[in-house]
Amino acid sequence: RMVDSYFGTNISGGRYLSGEGPFIEYNKDTGYYYLYVTYGGLLSEGGYNMRVFRSKSPDGPFVDSTGRSACFGKSDRTNEYVGTKVMGNYKFSCNETAYMACGHCSFFRDDDGKSYLIYHARFDDNTEYHEVRVHQLYYNEQGWPIAAPYEYSGDEISQSGYSKNDMAGTYEFVWHGTDNGTTPIASKEITLGINGKISGDVTGTWS
């Protein structure tokens, strides 16, 4: 790790690659420090998007879900494949306009233990108008944060879980990928079959 007596410890970025709005949250349940950072350009067509890394120490090293470092080396020419992408440009069919340039996030945990991601979003409306959004965050079995797809409005997840019958059905699916894309990702249609198969625009299995 690179440590400078004046600037401190380098935990993210470098090599003149984009990255701003860092925010660190410690989760006592998982034992990790989570570093959120935004890549891309700020304008609505700049590919602004949020990434997350984690570490057992606030000094790092911070890595993404595939083990890649948040710090860039001499050979790095792009940051598009570094960091677990939390959210970028996207659009569900019910949205009048696409969400664009989602980023520069903050985080808070409420007194009831619920976690929230706060960020600002622009839209594909030919303006740079933006609004603040709040999405609830959940943590998967591997301890990585997952943002709910819609802004928080009091929704709750069942503490007892859901059966396959509850979850089987047809959904709109957005895969945010890894790049700093400047165009909105349109949703695809998939069906989760009761037999554990995925069909439609994306195929595979689910459990």
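The structure displayed is predicted, hence computed values, not measured ones.

Across its full length, the protein carries one helix and 16 strands. Computed over its C-alpha atoms, the radius of gyration of the protein comes to 18 Å, within 12% of the 17 Å expected for a compact globule of 207 residues. Here the C-alpha coordinates of the protein stretch approximately 60 × 40 × 35 Å along the principal axes. For the protein, with 207 residues in total, the buried portion stands at 37%. Once local pairs closer than 6 in sequence are excluded, the contacts in the protein between residues at least 24 apart make up 48%. If you sum the accessible surface of the protein, you get close to 12,000 Å²; carbon and sulfur atoms cover 52% of it. Across the protein, 18 positive and 26 negative side-chain charges occur, with their mean positions spaced 9 Å apart.

A few words now on the sheet that holds strand E5 (residues 49-55). Strand order in this open sheet of four strands is E3-E4-E5-E6, and the pairing throughout is antiparallel. At either end of the open sheet lies a strand with only one pairing partner, and these are strand E3 (20-27) and strand E6 (84-87). Geometrically, the sheet is characterised by an average inter-axis angle of 30° between neighbouring strands, direction not taken into account. Alignment of E5 against E6, held across three bridges, turns out to be antiparallel. Counted as the bridge partner of Met50 is Met87 from E6.

Let us look at unusual backbone geometry. A cis amide bond, omega 5°, links Gly60 with the succeeding residue Pro61. Assignment of secondary structure puts Pro61 in the loop between E5 and E6. With phi around 65°, Tyr16 is a residue other than glycine that occupies positive phi space. In this structure, Tyr16 sits in the loop between strand E2 (8-9) and E3.

Glancing now at the environment of Asp64. The topology assignment puts Asp64 in the loop between E5 and E6. Sequence-wise, Asp64 and Ser158 are 94 residues apart; in three dimensions their C-alpha atoms are separated by 28 Å. Not counting chain neighbours up to four residues away, the residues in contact with Asp64 comprise Val52, Phe53, Tyr81, Val82, Gly83, Thr84 and Trp144. Engagement of the side chain of Asp64 in a polar contact is seen with the side chain of Thr66, the distance being 2.9 Å.

Turning our attention to the pattern of salt bridges. The final tally for this structure, using the stated rule, is eight salt bridges. Among the salt bridges present, the one from Arg109 reaches Glu25, with a minimum N-O distance of 2.8 Å. Here Glu25 lies in strand E3 and Arg109 lies in strand E8 (residues 99-109), a separation of 84 residues in the sequence. A salt bridge links Glu156 to Lys114, with the nearest nitrogen and oxygen atoms 2.4 Å apart. In this pair, Glu156 is assigned in the loop between strand E11 (145-147) and helix H1 (164-167) and Lys114 in the loop between E8 and strand E9 (115-123), connecting sequence segments 42 residues apart. Given a relative accessible area of 54%, Glu156 falls into the exposed group. Classification of Lys114 by relative accessible area gives buried; the value is 18%. The network of salt bridges with common partners includes Glu131, Arg133 and Glu151.

Turning to the side chain of Asn79, a few remarks are in order. Here Asn79 shows up in the loop between E5 and E6. Exposure remark for Asn79: the relative accessible area of 4% places this residue in the buried category. Apart from the residues within four sequence positions on either side, Asn79 is in contact with Leu17, Ser18, Tyr39, Arg51, Phe72 and Asn180.

How each quantity is defined
Residues numbered from 1 in each chain as written. Predicted model: local features only at pLDDT ≥ 70, side-chain atom pairs only at ≥ 80, totals over all residues. Heavy atoms only, no water. Helix = DSSP H or I, 4+ residues; strand = E, 2+ residues; numbered from the N terminus. Rg over C-alpha atoms; globule rule 2.2 N^0.38 Å. Buried < 20%, exposed > 50% of the residue type's maximum accessible area, 1.4 Å probe, protein only. Contact = heavy atoms within 4.5 Å. Areas by Shrake-Rupley, 256 points an atom, 1.4 Å probe, with all protein chains shown as cover. Lys, Arg positive; Asp, Glu negative; His and termini not counted. Charge placed at Lys NZ, Arg CZ, Asp CG, Glu CD. Pairing = 2+ DSSP bridges. Axes fitted to C-alpha atoms, helices over the stretch in contact; angles between N-to-C directions. Polar contact = N/O pair within 3.5 Å; in protein donor to acceptor, adjacent residues only side chain to side chain. Salt bridge = Lys/Arg side-chain N within 4 Å of Asp/Glu carboxyl O.

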